[in-house]
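# Chains, contacts and geometry: an overview
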Amino acid sequence: MEQTKLDRINELARLSKERELTSAEKSEQKKLREEYIKLVHNNLRGQLNNIRIVEPDGRMHKIIPKKNKK
């Protein structure tokens, strides 16, 4: 995410503490936050997908994700 977008997220957060945001500002804030959260989620998922377990004998294997029960 570009630094300008991060700066805008922070600016809107500061403004919201000072006054009520306009509907356009609230919409922009929501869009920027969703983009940021998606980016963080994807980065974390990438890191988790690259974790390897090292056994005492030196073998390495990937972590197998549990299935979600629904």
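Before reading further, recall that the structure is shown in the block above.
Residues numbered from 1 in each chain as written. Predicted model: local features only at pLDDT ≥ 70, side-chain atom pairs only at ≥ 80, totals over all residues. Heavy atoms only, no water.

## Some thoughts on the environment of E20
- Tracing the chain through its elements places E20 in the loop between α1 (3-18) and α2 (23-49).
- When the C-alpha atoms of E20 and H61 are compared, they prove to be 52 Å apart, with 41 residues separating the residues in sequence.
- A distance of 2.6 Å separates the side chain of E20 from the side chain of K26, its partner in a polar contact. (Helix = DSSP H or I, 4+ residues; strand = E, 2+ residues; numbered from the N terminus. Polar contact = N/O pair within 3.5 Å; in protein donor to acceptor, adjacent residues only side chain to side chain.)

## Concerning the packing of α1 against α2
- Remark: α1 packs on α2, axes separated minimally by 10 Å, with the N-to-C direction vectors making an angle of 130°. One finds that α1 runs oblique with respect to α2. Crossing of α1 over α2 shows left-handed handedness. Seen from α1, the contacting residues are K5, L6, R8, I9, L12, A13 and L15; seen from α2, they are E25, E28, Q29, L32, E35 and Y36.
- Of the residues contributing to the contact of α1 with α2, the split by class is 7 nonpolar, 1 polar and 5 charged. (Axes fitted to C-alpha atoms, helices over the stretch in contact; angles between N-to-C directions. Parallel < 35°, antiparallel > 145°, perpendicular 65-115°, else oblique. Left-handed = near helix turned anticlockwise from the far one by under 90°. Contact = heavy atoms within 4.5 Å. Nonpolar A, V, L, I, M, F, W, Y, C, P; charged D, E, K, R; others polar.)

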